[in-house]
Amino acid sequence: MNKEQMTDPVYFRIDASQYVPGKDFPILRPASLNHPKDNAVMFIIADYLSHADAFLKCSSCLVFWPDTEPVPEALKERHAVVPSPNPKNAYCAFFRDNGITYDPPVEEFDIIGGACIAKTASIGKNCRILPGAYIGGQVEMGDDCYIGSGARLVGEIHMGNRITIRENTVIGADGLSTDRDEDGSALTMPQFGSVIIEDDVKIGALTVIARGAIDQTILRRGVKIDNSTFISHNVVLGEDTFVVGETIMFGSSSTGKQVFISGNSTIRDGRRIEDGARIGMGSVVTKNVEPHSVVKGNPAH
């Protein structure tokens, strides 16, 4: 393993031979095509086979592969590959069948100014944390931040400087990432990712920012998010993007720089809004949006 991979956390330990006889190595963590890691469980669907080279950047993984497509010999040698009619569902079933969940731990904390701050949290200089807030032990907070009363910061969160998080907002909650198996029962993907909040971000009251499912939810420098907004797992908001209240951005949607999303809008999962685009009030975005364009309506166009 390289230096970066040696520091990757171990979340569980499952022997790959349970799935592919003869593959005697441990599976220790989840990983994605964007950030492949050694000894991880991963999946790929047919639409993304052009990104399969990611599996050559890691080793000793359990890979769920579409059973309609041939498996390259190099991948068979490097990994434990399991063909499946629905690789994403097979990935989720891996966690269900092995009893793997991932919730933030119960932590020891201090009461400071009426706020509950976990003993292992890292708090920068000149931060104001109001009574009733909770700061978890995996939070790294920069300088000159404001955390309103009732705000909850849970799980792995990396924050820059001069960040404002208003009252009763939750950062680091799980997003809903649930499908159904062939019997209609729920197949839930545990959320192992983190939240990254860069400098000069402001987040309104009663807003929820979900942690990444595998990788990160990222708010770039200067992002402004209004009250009562939901930002789901793996969303990436570009620099100086504004998101007005009661907007919902579903999983893995993203924006470029200086995007404006007006109130009560809905952005479908995986959709990309490019630099400088504007989304009209109440819009439902079902397709990618071109740079500096204006779209509105349901569906937005």
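Quantities reported herein were computed from a predicted structural model and do not represent experimental measurements.

### Considering the overall build of the protein chain
Alright, step 1. Broken down by element type, the protein chain carries three helices and 35 strands.
Alright, step 2. For 301 residues, the compact-globule estimate of 2.2 N^0.38 gives 19 Å, and the protein chain sits close to it at 20 Å.
Alright, step 3. Taking the principal axes of the C-alpha coordinates as reference, the protein chain spans close to 55 × 50 × 40 Å.
Alright, step 4. Here the protein chain, with 301 residues, has 47% of them falling under the buried criterion.
Alright, step 5. Relative to all contacts within the protein chain whose residues are 6 or more apart in sequence, the contacts with residues 24 or more apart total 22%.
Alright, step 6. Total accessible area on the protein chain stands at roughly 14,400 Å², and carbon and sulfur atoms take up 49% of it.

### A word on the side chain of Ser84
Alright, step 1. Within the secondary structure, Ser84 sits in strand β6 (residues 80-84).
Alright, step 2. On the basis of relative accessibility, which here comes to 8%, the residue Ser84 falls in the buried class.

### Examining the nonpolar core
Alright, step 1. Judged by nonpolar contacts, the single largest core of 41 residues is most densely connected at Met141, Ile147, Leu153, Met159 and Ile197.
Alright, step 2. Looking at this core, the elements that each hand over two or more residues are β8 (115-118), β12 (139-141), β15 (157-159) and β20 (194-197).
Alright, step 3. Beyond its immediate chain neighbours, meaning those up to four positions away, Ile197 contacts Ile157, His158, Met159, Gly160, Ile163, Ile171, Ile203 and Leu219.
Alright, step 4. Grouped together as the second largest cluster of nonpolar side chains are 23 residues, Ala80, Val82, Phe192 and Ala213 included.

### Some words on helix α3 (residues 87-97)
Alright, step 1. Counting buried positions over the eleven residues of α3 gives eight, a clear majority of the element.
Alright, step 2. Note on α3: the residue one or two positions beyond its end, Gly99, has a positive phi of about 65°.

### Some remarks on the packing of aromatic side chains
Alright, step 1. Summed over the entire model, instances satisfying the criterion amount to 15 aromatic pairs.
Alright, step 2. For the ring pair Phe94 and Phe95, a centre distance of 5.2 Å and an interplane angle of 85° mean the geometry is edge-to-face.
Alright, step 3. Overall, the relative accessible area of 1% leaves Phe94 in the buried class.
Alright, step 4. Above the plane of the ring of Phe260 lies Arg278, whose end atom (NZ or CZ) is 4.7 Å from the centre.

### Here we look at the side chain of Ser262
Alright, step 1. Mapping Ser262 onto the fold places it in the loop between β30 (260-261) and β31 (266-267).
Alright, step 2. In this structure, Ser262 is in contact with Val244, Thr247, Ile279, Gly280 and Met281, ignoring residues within four places of it in sequence.

### A few points about the pairing of strand β7 (residues 109-112)
Alright, step 1. Direction of pairing for β7 relative to β8: antiparallel, over a ladder of four bridges. What sits directly across from Ile111, in β8, is Cys116.
Alright, step 2. From the end of β7 to the start of β8, which pair antiparallel, there are two residues, and Gly113 there has a positive phi angle of about 60°.

### Details of the pairing of β6
Alright, step 1. Summarising burial for β6: four of the five residues are buried, a large majority.
Alright, step 2. Bridge count between strand β5 (residues 62-66) and β6: five bridges; the pairing is parallel. Its bridge partner lying in β6, Val63 is registered against Val81.

### Considering the environment of Leu176
Alright, step 1. Relative to the elements of secondary structure, Leu176 occurs in the loop between β17 (170-173) and β18 (178-180).
Alright, step 2. Since its relative accessible area comes to 72%, Leu176 is described here as exposed.
Alright, step 3. On a C-alpha basis, the gap between Leu176 and Lys224 in space is 23 Å, while along the polypeptide they are 48 residues apart.

### Focus: the confidence of the model for the protein chain
Alright, step 1. With 98% of its residues at a pLDDT of 70 or more, the protein chain shows a mean pLDDT of 94.
Alright, step 2. Residue range residues 1-6 is modelled with pLDDT below 50. Its contacts to residues more than four positions away, or to other chains, number seven contacts.

The rules we used
Residues numbered from 1 in each chain as written. Predicted model: local features only at pLDDT ≥ 70, side-chain atom pairs only at ≥ 80, totals over all residues. Heavy atoms only, no water. Helix = DSSP H or I, 4+ residues; strand = E, 2+ residues; numbered from the N terminus. Rg over C-alpha atoms; globule rule 2.2 N^0.38 Å. Buried < 20%, exposed > 50% of the residue type's maximum accessible area, 1.4 Å probe, protein only. Contact = heavy atoms within 4.5 Å. Areas by Shrake-Rupley, 256 points an atom, 1.4 Å probe, with all protein chains shown as cover. Core = buried A, V, L, I, M, F, W, Y, C linked by side-chain atoms within 4.5 Å. Phe/Tyr/Trp six-rings, centres within 6.5 Å; stacked < 30°, edge-to-face > 60°. Lys NZ or Arg CZ within 6 Å of the ring centre and 35° of its normal. Pairing = 2+ DSSP bridges. pLDDT = per-residue confidence, 0-100.

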